[in-house]
Structure formats: structure tokens, C-alpha cells
Amino acid sequence: MLPFLDLKSVNSLYRDELIEAAIRVIDSGWYVHGQEVKAFEVEFAAYCGVSHCIGVANGLDALMLILRAWKEMGKLKEGDEVIVPANTYIASILAITENRLKPVLVEPDELTFNLCPKKTADAITPNTKAIIAVHLYGQIAPMTDLMHLADKHGLLVLEDAAQAHGASINGRRAGSWGHAAGFSFYPGKNLGALGDGGAVTTDDSELAETIRALGNYGSHKKYENIYQGVNSRLDEIQAAMLRVKLRYIEEDIKLRRRAVDYYLNYLDNHAIQLPVLDKKEGHVWHLFVIRASNRNDLQDYLREKGIQSLIHYPIPPHKQKAYKLWAGESYPLTEEIHNSVLSLPLSPTIDMNDLSEVVTACNLW
Ligand SMILES: *Cc1c(COP(=O)(O)O)cnc(C)c1O
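We now turn to the structure provided with this report. Everything numeric in this text was worked out from a predicted model, so none of it was measured. (Residues numbered from 1 in each chain as written. Predicted model: local features only at pLDDT ≥ 70, side-chain atom pairs only at ≥ 80, totals over all residues. Heavy atoms only, no water.)

## A short note on the overall build of the protein
- Within the protein, the secondary structure is distributed over 13 helices and 11 strands.
- Compactness check: the protein gives a C-alpha radius of gyration of 20 Å against a globular reference of 21 Å for 365 residues, within 12% of the reference.
- Every one of the 365 residues in the protein was classed for burial, and the buried ones make up 57%.
- For the protein, contacts bridging at least 24 residues in sequence account for 70% of all contacts bridging at least 6.
- Element-wise, carbon and sulfur atoms account for 50% of the exposed surface of the protein, whose accessible area totals about 16,100 Å². (Helix = DSSP H or I, 4+ residues; strand = E, 2+ residues; numbered from the N terminus. Rg over C-alpha atoms; globule rule 2.2 N^0.38 Å. Buried < 20%, exposed > 50% of the residue type's maximum accessible area, 1.4 Å probe, protein only. Contact = heavy atoms within 4.5 Å. Areas by Shrake-Rupley, 256 points an atom, 1.4 Å probe, with all protein chains shown as cover.)

## With respect to the packing of aromatic side chains
- This model, assessed by the stated rule, comprises 12 aromatic pairs.
- Between Phe40 and Phe44, the aromatic rings sit 5.5 Å apart at their centres with planes inclined by 15°, giving stacked as the arrangement. Highlighted residues: Phe40 and Phe44, both in helix α3 (residues 35–48), separated by 4 residues, approximately one helical turn. The two residues Phe40 and Phe44 agree in class, both being buried.
- Here the aromatic cluster, defined as three or more aromatic residues joined through ring pairs, consists of Phe40, Phe44, Tyr47, Phe183 and Phe185.
- Positioned over the ring face of Trp177 is Arg172, at 4.1 Å from the centre of the ring.
- Directly above the ring of Tyr47 sits Arg173, whose terminal nitrogen or CZ lies 3.9 Å from the centroid. (Phe/Tyr/Trp six-rings, centres within 6.5 Å; stacked < 30°, edge-to-face > 60°. Lys NZ or Arg CZ within 6 Å of the ring centre and 35° of its normal.)

## A word on the site of the ligand
- Taken together, Asn58, Gly59, Leu60, Tyr89, Ala91, Val134, Asp160, Ala162, Gln163, Ser184, Lys189 and Tyr313 form the complete shell of residues around the ligand.
- In this structure, Asp160 approaches the ligand through a side-chain N or O atom, which is 2.8 Å from a nitrogen atom.
- Gln163 places a side-chain nitrogen or oxygen 2.8 Å from an oxygen atom of the ligand.
- Bound to the protein, the ligand loses 90% of the 380 Å² it would expose on its own.
- Across the shell around the ligand, the residue classes break down as 6 nonpolar, 4 polar and 2 charged. (Near = heavy atom within 4 Å. Polar contact = N/O pair within 3.5 Å; in protein donor to acceptor, adjacent residues only side chain to side chain. Nonpolar A, V, L, I, M, F, W, Y, C, P; charged D, E, K, R; others polar.)

## Remarks on the packing of helix α10 (residues 249–266) against helix α13 (residues 352–364)
- Contact geometry of α10 with α13 gives a least axis separation of 10 Å together with a crossing angle of 30°. By the angle between their directions, the pair α10 and α13 is classed as roughly parallel. Remark: the crossing between α10 and α13 carries right-handed chirality. Contacts between α10 and α13 involve Arg258, Ala259, Tyr262, Tyr263 and Tyr266 from the first element and Met352, Leu355, Ser356, Val358, Val359 and Asn363 from the second.
- Of the residues assigned to the contact of α10 with α13, the class counts are 8 nonpolar, 2 polar and 1 charged. (Axes fitted to C-alpha atoms, helices over the stretch in contact; angles between N-to-C directions. Parallel < 35°, antiparallel > 145°, perpendicular 65-115°, else oblique. Left-handed = near helix turned anticlockwise from the far one by under 90°.)

## Quick look at the packing of α3 against helix α9 (residues 236–246)
- Look at α3 against α9: their axes get within 8 Å of each other, and the N-to-C directions meet at 35°. Judged by the sense of rotation from one axis to the other, the crossing of α3 with α9 is left-handed. Here α3 contributes Gln35, Glu36, Val37, Ala39, Phe40, Glu43, Phe44 and Tyr47 to the contact with α9, which in turn contributes Glu236, Ala239, Ala240, Leu242, Arg243 and Leu246.
- For the contact of α3 with α9, the residue count by class is 9 nonpolar, 1 polar and 4 charged.

## Notes on α9
- A large share of α9 lies buried, amounting to 10 of its 11 residues.
- In this fold, the buried residues of α9 make contact with α1 (7–12), α2 (15–28), α3 and α10.

## Observations regarding the sheet that holds strand β9 (residues 198–202)
- With mixed pairing, the 7 strands of this open sheet are ordered in space as β1-β9-β8-β5-β4-β2-β3. Edge positions in the sheet fall to β1 (52–56) and β3 (102–106), since each of these pairs with one other strand and no more. Shown here is a sheet whose adjacent strand axes are inclined to one another by a mean of 20°, direction ignored.
- Sheet contacts for helix α5 (residues 90–98): β2 (81–85), β3, β4 (128–134) and β5 (156–160); angle to β3, the most-contacted strand, approximately 150°.
- Across the sheet, helix α7 (residues 143–153) is in contact with β4 and β5; its angle to β5 comes to roughly 155°. (Pairing = 2+ DSSP bridges.)

## Description of the side chain of Arg68
- Tracing the backbone shows Arg68 in helix α4 (residues 59–72).
- Sequence-distant contacts of Arg68, defined by excluding residues within four places in its chain, comprise Asn99, Leu214, Tyr227, Gln228 and Gly229.

What follows is the structure, given as C-alpha cells:
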């Protein structure tokens, strides 16, 4: 079976350096909040082009803690509306409802699947206080227009950059556009740890300090608690792994782009719609997502040919059992997307034979 993503092969590229880094941590005798996390935070902030990075336990916590910190800082209060794309991964929505804020779903742009500035503007009410821009599949949302809109209405902007490490517009990277951004280092992400991990990036020093405290039981200073915080830390061992992989992220992105170029050049089946690029040079291709009206049939066909594909995502947030907020409401474009998307195998280590096998199968279907 040609796997959708072979993490063993991806991490084997850096095996020696990962082992060396793991040994360094094991032998240091210091496993939480130490030198590796500190160094990674400095390196990742520099990579994103911001002044602060705060390591946390995972991507959901990064998003959740940013909104929580804005509440502690008096910038948000319970019940405030937060605009979010209707077709996002559930974590973006969970971060909002966990903070007792109100998610307002907006249909995405029909070509890029990212937030559309026009539809976002239409959703703004006097209660709107923030926008979550999700850089879906590795393509950065139209941040210039979204930031203009936010400035005009005095809104906070949170980037959900979990799928977009290194994605950029005119060289300015994800994580540096909004007032804060949340990243995930889940193993399958473009910058993946060997376990869970996440980070917040921001230029706002007060926000950075508040998040540091919130993720550490609400404490800036040992045994003094000014907030009812949580425990959300990036481990030393994961920070050490991430420092190795961050050194190669640009190389990884190049390899992803090379694989995508192959798909874009050779996929040729009128029943398959190829992904649409807004700003090609800035797309980091976390996922290569095609559309087909009889997508389930294509997925079965590929499986018969020994090719694994995945659906990102099969059920939109407004139809999830966890939420009754949107019972009876419909988001036709979002539903259409969820019914037609299919993600083809893609990783920095996928080789030409694999790519050619996928293309041949798709073209024959
Ligand atoms: C993966 C992901 C998250 C959550 O990250 P975790 O580290 O798994 O908690 C949030 N938002 C998006 C868009 C994601 O893809």
C-alpha cells in the first residue's frame, strides 16, 4: 500500500541528528521548561519573523490560550463573537467555545477554501471582536485584506497556522500577520515533533507574558498564581526534535513543492478539479487536496490500486454531534467542499515512482 504519509521515512531523513538531540536532553537531566525550549522559542520566533514565541503542549492549546489571554487582558469577554471559517478543522471552533465565546461561521472563498474578506465583512456585527484566519492546507489566507478589515473595525486577528509553518505572502510568513498565531507540531504537520507540541507567536509582549503564565498554572512566579491557569508546556525532548527539523524546513517545503508540481503537471482527468493557488510562491502544501463530485468512488478506486487517500474533512463542524448551535442551519459551500474533497499522498519523501503511480491511477479513473 502506498501510504498517505510515511512519517518513519520523513523522520529517517534526520535520524542521526534526532538521536543526538535526544541524547543531549536525556543526559542534561532537565526535561521541562529548560534550555531546549528556550532555544527553540528564539529560533522559531526568528523563523516566523516575530519577537515572541511561547511553546505549549499542542496546537489546540495554543489557540485556546490566546483567546483566554485576551479575556484576562480585558480585550474579550464571554459571549463576544469570533468569526471563523465554516470549513475549518474542529480545533479552531473548540478554542472559541472553550472560552465561552460565540463562533460565527463564515463560508470560505470557493476557490482557495480560505476566508473571503467580502464574506467576512458581511458577517461583522457590533458584537464581533475577533477573527480566526485559518491557513488551510498550507495556503495562507488573504491576510493583507483581512488585516485592513480588522483594523477598520477594531477586531483582533488570530491566525490558526497549524497547517502553514513557513507559508508566506510576499515573503512575510504565517504567524507574523495577525495579533497572534497558534501553531501545531503534531507529528503529521509540516513541522512535526515526535509527539505533541504547539506554540504561540506574537509581537505583543503583554500577550506573550500572559500566555506564559496561563500555561504554567496561571503563575509568572513560582507558587504565586494570578490566574486560574492550566498546565500546557512543550517538553524539552520535543523542543530538541523540533530544533533539528526547523533547520530543514525550507528544504522540506521545496520537496513538497516539487511533488506538487508533478501532480499539477501530470494529473489530467476532467472529473478531477485541481487545487487553486492564490499566491503560489507562498503555499507550503501541507495537503494536496483535489475535488471530485464522486469522491468516494475515486477513493475506493485508489484503494483498490493500493493507494491510500484521506478526506480533510468528512463532517463540517456545524454538523458535528458535539454542537447544537447550528442545528437546522446550512452552509452549502462548506457542505459541498466536505462532500467532494480528497487528499492525495504528499510528503517530502514521496518519490517519483509513487507520484507516477498516483497520477496514473487518477487519470485512468
Ligand atoms: C492540527 C490542527 C489543529 C490542532 O493542533 P493539535 O496540535 O492537534 O492540537 C488546529 N487547527 C488546525 C487547522 C489543524 O490542522
